[in-house]
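A closer look at the structure
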Amino acid sequence: MTYRAGWIHFTNVAPILDSLELPPGVSAITGVPTQMNAALLAGEVDIANISAVEFIRHADILEALPDFSVSVLGPVYSVNLFHTRPLEDLRRIALTAQSAMSVALLEVLLRERGLSPTLERAEGEAEELLSSGYDGVLRIGDSALREWYRVVGPLTAERTMTTLPDSGRGITVTDLAEDWFRLTGHPFTFAVWAYRKDRPPPPELVQAMRVARRHGIGHLADVATRHAALLGLPERVVQHYLWNFRYHLEAPDRLGLQEFAAKAVPHHAPLSFGQRPGEG
Ligand SMILES: C=C(O[C@@H]1C=C(C(=O)O)C=C[C@H]1O)C(=O)O
């Protein structure tokens, strides 16, 4: 029987997925986070890089690979709240239907501040939604990265990725991963590679993923050049964006994940991870 994978193929997973060669007997489909979350939970795929919050919510039936994640310490650049008033004054926020993780993170960050604006699902570009009745817009992934750069860019000799302002064109951009870092001092884990406990991946697939990741990270400049062209962004932006991710679910990432789990899903089942290479 074929083993079925579901990949969220945003640019941030390009260093793992672009050069992945699926072993015989493994097939793959792609989609946005909410589609892949649903596909895994419905049993339509056997493994997927899903929103970490769904892994936490379904910790009774899911297990995660022990050494794969999409995490960051500090800003992520592609999970953004675009807003036209200070956070404290926001009344109506448009959420993206693509994401489970960023919505759960936004809810935690608002609750920590004692804020309760109206949250509604609405698609479209942040700038358009901000001029049609919303004072905040949550966006993720490649389009959020592009919109962030349109608002706060361009980079110059003096303005680097770490010194760009957080506003432009009358819009402020709050990077949710950076806000999480200010609140907790921990990394934030957006995605883990989860599978149903009764359908663990064949070892050849996990090994192929490790090989692909090593290749991607070893050739990050090439990956960035290719994706900068696809995204229509400067190479400098995409190289920094990719370099900034933590792809190995290391101890600090797990700490951040546990802390998020305690805040967002208080009564979750214990999180389970497969064996690390060389363990057991
Ligand atoms: C950081 C990102 O990570 C993604 C965001 C997800 C979500 O918001 O549910 C899910 C998987 C991640 O790969 C992003 O795409 O901007």
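Given the structure is predicted, the values throughout are model-derived calculations rather than measurements.

Here we come to the overall build of the protein chain. Within the protein chain, the secondary structure is distributed over 11 helices and 11 strands. The C-alpha atoms of the protein chain give 18 Å as radius of gyration, which agrees with the globular expectation for 280 residues (19 Å, within 12%). For the protein chain, the C-alpha atoms occupy an extent of roughly 55 × 45 × 30 Å along the three principal directions. Relative to its full complement of 280 residues, the protein chain shows a buried share of 54%. Put simply, of all contacts in the protein chain between residues at least 6 apart along the chain, 77% involve residues at least 24 apart.

This part takes up the sheet that holds strand β6 (residues 92-95). On the basis of which strands lie adjacent, the open sheet formed by six strands has the order β7-β6-β8-β5-β10-β9 and mixed pairing. Each edge of the sheet is formed by a strand with only one pairing partner; in this case those strands are β7 (118-121) and β9 (167-168). As paired elements, β6 and strand β8 (residues 136-140) share two bridges and run parallel to each other. Looking across to β8, one finds that Ala94 is bridged to Val137.

Moving on, we come to the packing of aromatic side chains. According to the stated counting rule, one finds 10 aromatic pairs in the structure shown. Centre to centre, the rings of Phe55 and Phe273 are 5.7 Å apart; their planes meet at 55°, and the pair counts as tilted. Pair noted here: Phe55 is in helix α3 (residues 52-57) and Phe273 is in the segment after α11 (251-264), with a separation of 218 residues, a long-range link. A single burial state applies to Phe55 and to Phe273, both of which are buried. Ring pairing ties together the aromatic residues Trp180, Phe188, Phe190 and Phe260, which thus form one cluster. Sitting over the ring of Tyr134, Arg92 keeps its end group 4.2 Å from the ring centre. Between Arg254 and the ring centre of Phe273, over which it is positioned, the NZ or CZ distance is 4.4 Å.

With that settled, consider the domain arrangement of the protein chain. On domain assignment, one finds that the protein chain holds domain 1 (3-71 + 187-264) and domain 2 (79-184). Computed over C-alpha atoms only, the centres of domain 1 and domain 2 are separated by 23 Å. The contact between domain 1 and domain 2 buries some 2400 Å² in all, and 73% of this surface belongs to carbon and sulfur atoms. Where domain 1 packs against domain 2, one counts one salt bridge. Between Lys263 and Glu112 there is a salt bridge; the shortest N-O distance is 3.3 Å. For the pair domain 1 and domain 2, the number of links is eight residue pairs in polar contact (both at pLDDT 80 or more). The set of elements that each furnish at least two residues to the side of domain 1 that touches domain 2 consists of α2 (33-41), α3, β11 (188-196), α10 (235-243) and α11. Split into classes, the residues belonging to the side of domain 1 that touches domain 2 amount to 15 nonpolar, seven polar and five charged.

Of the residues in the protein chain, 100% have a pLDDT of 70 or more, and the chain-wide mean is 97. Among the scores for the predicted complex, ipTM is 0.95 and pTM is 0.97.

The subject of this paragraph is the pattern of salt bridges. What the rule picks out here adds up to 17 salt bridges. A salt bridge links Glu147 to Arg150, with the nearest nitrogen and oxygen atoms 3.6 Å apart. Placement of the pair is Glu147 and Arg150 together in helix α6 (residues 141-152), with a separation of three residues, close to one helical turn. Classification of Arg150 as partly exposed rests on a relative accessible area of 36%. The salt bridge partner of Arg246 is Asp253, with a shortest N-O separation of 2.6 Å. Under the relative-accessibility criterion, Asp253 is labelled buried at 0%. Taken together, the shared-partner salt bridges in this structure form one network comprising Glu125, Glu127, Glu147, Arg150 and Arg169.

Definitions and limits used
Residues numbered from 1 in each chain as written. Predicted model: local features only at pLDDT ≥ 70, side-chain atom pairs only at ≥ 80, totals over all residues. Heavy atoms only, no water. Helix = DSSP H or I, 4+ residues; strand = E, 2+ residues; numbered from the N terminus. Rg over C-alpha atoms; globule rule 2.2 N^0.38 Å. Buried < 20%, exposed > 50% of the residue type's maximum accessible area, 1.4 Å probe, protein only. Contact = heavy atoms within 4.5 Å. Pairing = 2+ DSSP bridges. Phe/Tyr/Trp six-rings, centres within 6.5 Å; stacked < 30°, edge-to-face > 60°. Lys NZ or Arg CZ within 6 Å of the ring centre and 35° of its normal. Domains from an automatic or database assignment. Buried area = accessible area lost by both parts, 1.4 Å probe. Salt bridge = Lys/Arg side-chain N within 4 Å of Asp/Glu carboxyl O. Polar contact = N/O pair within 3.5 Å; in protein donor to acceptor, adjacent residues only side chain to side chain. Nonpolar A, V, L, I, M, F, W, Y, C, P; charged D, E, K, R; others polar. pLDDT = per-residue confidence, 0-100.

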